[in-house]
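Residues per chain, in single letters:
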Amino acid sequence: MSITRVTHGSTVAAAQRNLQAAMQRLASTQDKASTLKEISRPSDDPGAAAEAMAVRGAQRAAEQHSRNVDNASGWLTTADTALSTATNLLHQVRDVVMSGANQGVLPPAAREALAVQLDNLHGELLNAANSQYMGRSVFAGTSDAASAFEADGSFNGMPNSSVTRRIGENTTVRVDADGAAAFGQGASSVFALVKGLAEDLRAGDPVSARLAEVDEKLNSVLAAQATIGATHASVLTAENALAGQKVALEARRSGLEDADLAAVALELQTQELAYRAALSASAKVIQPSLMDYLR
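Let me begin by describing the structure that accompanies this report. The shown structure was predicted, so the numbers you read here are calculated from the model rather than taken from an experiment.

What follows covers the nonpolar core. Grouped together as the largest cluster of nonpolar side chains are 57 residues, with contacts concentrated most on Leu118 and Phe183. Counting residues per element, the ones that place at least two in this core are α2 (46-102), α3 (108-129), α4 (179-183), α5 (190-203) and α6 (211-257). No other element matches the 17 residues that α2 contributes to this core. In this view, Phe183 contacts Leu83, Ala86, Ala129, Phe139, Phe149, Ser189, Val190, Phe191 and Val221; residues no more than four positions away in its chain are not counted.

The next subject is the packing of α3 against α5. The interhelical angle for the contact between α3 and α5, taken along N-to-C directions, is 170 degrees, at an axis separation of 8 Å. With respect to their mutual orientation, α3 and α5 come out roughly antiparallel. Counting all contacts with α3, which are made through Arg111, Glu112, Leu114, Ala115, Val116, Leu118, Asp119, His122, Leu125, Leu126 and Ala129, the residues of α5 involved are Val190, Phe191, Val194, Lys195, Leu197, Ala198, Asp200, Leu201 and Arg202. Residue classes in the contact of α3 with α5 are distributed as 13 nonpolar, one polar and six charged.

Relative to strand β4 (residues 171-174), strand β3 (residues 164-168) runs antiparallel, the two being bridged by four bridges. If you follow Thr164 over to β4, its bridge partner there is Arg174. Where β3 folds back onto β4 in an antiparallel hairpin, the turn is made up of two residues.

Take α3 next. Taking 1.5 Å per residue, 22 residues should reach 32 Å; α3 reaches 31 Å between its end C-alpha atoms and fits that length. Among the residues making up α3, those that are buried are Arg111, Leu114, Ala115, Leu118, Leu121, His122, Leu125, Leu126, Ala128 and Ala129. Down the axis of α3, the sector holding all buried residues measures 150 degrees, keeping them to one side. Opposite the buried face of α3, by more than 90 degrees, sit the exposed residues Ala109 and Asn127.

Before going further, it helps to spend a moment on the packing of aromatic side chains. Scanning all chains against the criterion turns up six aromatic pairs. Taken together, a centroid distance of 5.9 Å and an interplanar angle of 25 degrees make the contact between Phe183 and Phe191 stacked. Judged on exposure class, the residue Phe183 and its partner Phe191 are both buried.

On to the pattern of salt bridges. Throughout the structure, instances matching the rule amount to eight salt bridges. Salt-bridge contacts for Asp119 lead to Arg202; the nearest nitrogen and oxygen are separated by 2.6 Å. Taken as a pair, Asp119 in helix α3 and Arg202 in helix α5 lie far apart in primary sequence, 83 residues in all. Residue Asp119 is classed as partly exposed on the basis of its relative accessible area of 34%. It is possible to trace a salt-bridge network through shared partners that takes in Glu112, Asp119 and Arg202.

Here is what the cut-offs are and how they apply
Residues numbered from 1 in each chain as written. Predicted model: local features only at pLDDT ≥ 70, side-chain atom pairs only at ≥ 80, totals over all residues. Heavy atoms only, no water. Core = buried A, V, L, I, M, F, W, Y, C linked by side-chain atoms within 4.5 Å. Buried < 20%, exposed > 50% of the residue type's maximum accessible area, 1.4 Å probe, protein only. Helix = DSSP H or I, 4+ residues; strand = E, 2+ residues; numbered from the N terminus. Contact = heavy atoms within 4.5 Å. Axes fitted to C-alpha atoms, helices over the stretch in contact; angles between N-to-C directions. Parallel < 35°, antiparallel > 145°, perpendicular 65-115°, else oblique. Nonpolar A, V, L, I, M, F, W, Y, C, P; charged D, E, K, R; others polar. Pairing = 2+ DSSP bridges. Expected span 1.5 Å × (residues − 1). Arc of directions from axis to C-beta. Phe/Tyr/Trp six-rings, centres within 6.5 Å; stacked < 30°, edge-to-face > 60°. Salt bridge = Lys/Arg side-chain N within 4 Å of Asp/Glu carboxyl O.

Following this line, the structure appears as structure tokens:
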């Protein structure tokens, strides 16, 4: 039967290793308590750290999409307000034309008064069609022109272009309106029509036959407004979805990175007790004497 002799040096080395391990566990728990973070460095938990980085990337994307949604909502609200204003103005144009057509032979002064109303409505329609959001026309596509339309109906917008915003990972919406489709352009524009109606009234020409043209322009504006309204509804739906997504992502990130205060406090007390016990035990086991140094 062999007997293994445990030297004083090996006992001291083992005690030091155990104390160092206990001290490291205590230090790690103290660091967690001070930062309230489960992961202070990637090496703490490589898998959780990689997942947390992916979650943070998703959060940044969601924040960018939220900013895009806000911008898109601003564009669409501006366009919807302008088209709603244009609709009301065209109803007024129709009423003026009806007045000029249903009152028999009007004296020149009355016809001039109706023509002046149309002139004013022409200017208000032009203002509505040149509405801007953050310095950009909402009816000119990607054009940076100062105005979408001139007084004669000339269109300054960029044909076959659109302003879009990405409001989701795979969702892009158009946030402007096709000014040429809504208001027409040149001689076939709503502005040329209203101007021509005013000229007809001043010249004493009948205007009743042109009611169909007014209705046609009114329908074009209403169609554009319906498209804007549908797009705005989808943007608001995306906004609600993003709000829920951000809450879920934050909960996921917190579950990966944030430490539970109660659990950390309990763990800290446990590690402190363990370290003190290790110190006490080592002090009792390792009692150097003169004989220890003479061995």
